[in-house]
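These are the residues of each chain, in order.
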Amino acid sequence: MEDYILIVDDDKDIRNMIGIYLGNEGYRFLKCSSAVSALELLKDYRISLILLDVMMPGMDGIEACMKIRESTRIPIIFMSAKAEDMDIVQGLMAGGDDYITKPFHPVQLVTRIKAQLRRYYQYGGSQSESSMLSHKELQLDTRKRQVWVNGKEVSLTAKEYEILEYLMYNKGNVLSMTQIYEHVWKEPFYHAENTVMMHISNLRNKLRETEHENAEYIQTVWGRGYKV
């Protein structure tokens, strides 16, 4: 699963303009218009960097940054028309890694993005800390895309791995068949129940064979979906 850059700004023109430049550089990206939507996207996608507007209706960028910092250290670049020194200090003190003032040239922003991503991946960031997901005897390495049960590696197909990773990222939460299918297959859910059930069944069997017959890491919540 590839990482995304998340663009958070209530100005549609700014979102689209940044998206064009990121696309030209080969980056995958997601766009949203509010901090609340951004927090939801963080649950469903692997985000490598966030471009975060400061002044937005409802939850502003500063508050959103502090919430994000409760769970991850991925780079956050603030984008704001507020250019006073104290505004910049406030953004950096809230957990931002960089602060660019509007209006800015997109090339300058892309340069800063590259610098933050290079620093994040080369010097640790939270990449090494957050790459391991665990549940009981089950461990999953999101960087190497490998899975182990009790120290024994489990061989999974790409779709099986992505289903398991999605469930592990949302441990304790029930995910519907629609959510799982659209997240993993990246297309609308349309009578795909059998596809999801088949992959879940195969995944369960592989995990069960590695541990013991009665081991069940993926639970069915009848009428709602699946969870770990």
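For the structure, see preceding data.
Residues numbered from 1 in each chain as written. Predicted model: local features only at pLDDT ≥ 70, side-chain atom pairs only at ≥ 80, totals over all residues. Heavy atoms only, no water.

Looking at this model, I keep getting lost on the pattern of salt bridges. Mind explaining?
Pairing is possible between side chains of opposite charge, provided their charged atoms come close. Counted according to the given criterion, the structure contains 9 salt bridges. Asp98 serves as the salt-bridge partner of Arg112, at 3.1 Å between the closest nitrogen and oxygen. Taken together, the residues Arg112 in helix α5 (residues 106–122) and Asp98 in strand β5 (residues 98–101) connect sequence positions 14 residues apart. Overall, Asp98 belongs to the buried group, its relative accessible area being 17%. (Salt bridge = Lys/Arg side-chain N within 4 Å of Asp/Glu carboxyl O. Helix = DSSP H or I, 4+ residues; strand = E, 2+ residues; numbered from the N terminus. Buried < 20%, exposed > 50% of the residue type's maximum accessible area, 1.4 Å probe, protein only.)

Can you walk me through the packing of aromatic side chains in this structure?
Where two aromatic rings form a pair, the distance of their centres and the angle of their planes describe that pair. Considering all chains together, one arrives at 4 aromatic pairs under this definition. Note on Phe78 and Tyr99: the rings are 6.1 Å apart at their centroids and 45° apart in plane angle, and the pair reads as tilted. Residue Phe78 is found in strand β4 (residues 76–80), and its partner Tyr99 is found in strand β5; the two are separated by 21 residues along the sequence. Of the two residues examined, Phe78 and Tyr99, each falls in the buried class. Centre to centre, the rings of Tyr181 and Phe189 are 5.8 Å apart; their planes meet at 75°, and the pair counts as edge-to-face. Residue Tyr181 is classed as buried on the basis of its relative accessible area of 7%. Pairwise contacts between aromatic rings join Tyr181, Trp185 and Phe189 into one cluster. (Phe/Tyr/Trp six-rings, centres within 6.5 Å; stacked < 30°, edge-to-face > 60°.)

Quick question: what am I supposed to make of helix α7 (residues 158–169) here?
Note that an α-helix has 3.6 residues per turn; residues three or four places apart therefore point the same way. Over its 12 residues, α7 runs 16 Å from end to end, which matches the ideal 16 Å to within 8%, given 1.5 Å per residue. Here α7 lies mainly inside the structure; 9 of its 12 residues are buried. (Expected span 1.5 Å × (residues − 1).)

Looking at this structure, how should I read the sheet that holds strand β8 (residues 146–149)?
Paired through backbone hydrogen bonds, the strands of a sheet run either parallel or antiparallel to each other. In spatial order, the strands read β6-β7-β8-β9; together these 4 strands make up an open sheet with antiparallel pairing. Each of the sheet's edge strands pairs with one partner strand only, and the pair in question is β6 (132–135) and β9 (152–154). Across this sheet, the average inter-strand angle for adjacent strands is 25°, counted without regard to direction. Here strand β7 (residues 138–141) runs beside β8; their pairing, made up of 4 bridges, is antiparallel. By the bridge assignment, Leu138 is partnered in β8 with Val149. The strands touched by α7 are β6, β7 and β8; relative to β7, the strand with the most contacts, the crossing angle is about 105°. (Pairing = 2+ DSSP bridges. Axes fitted to C-alpha atoms, helices over the stretch in contact; angles between N-to-C directions. Contact = heavy atoms within 4.5 Å.)

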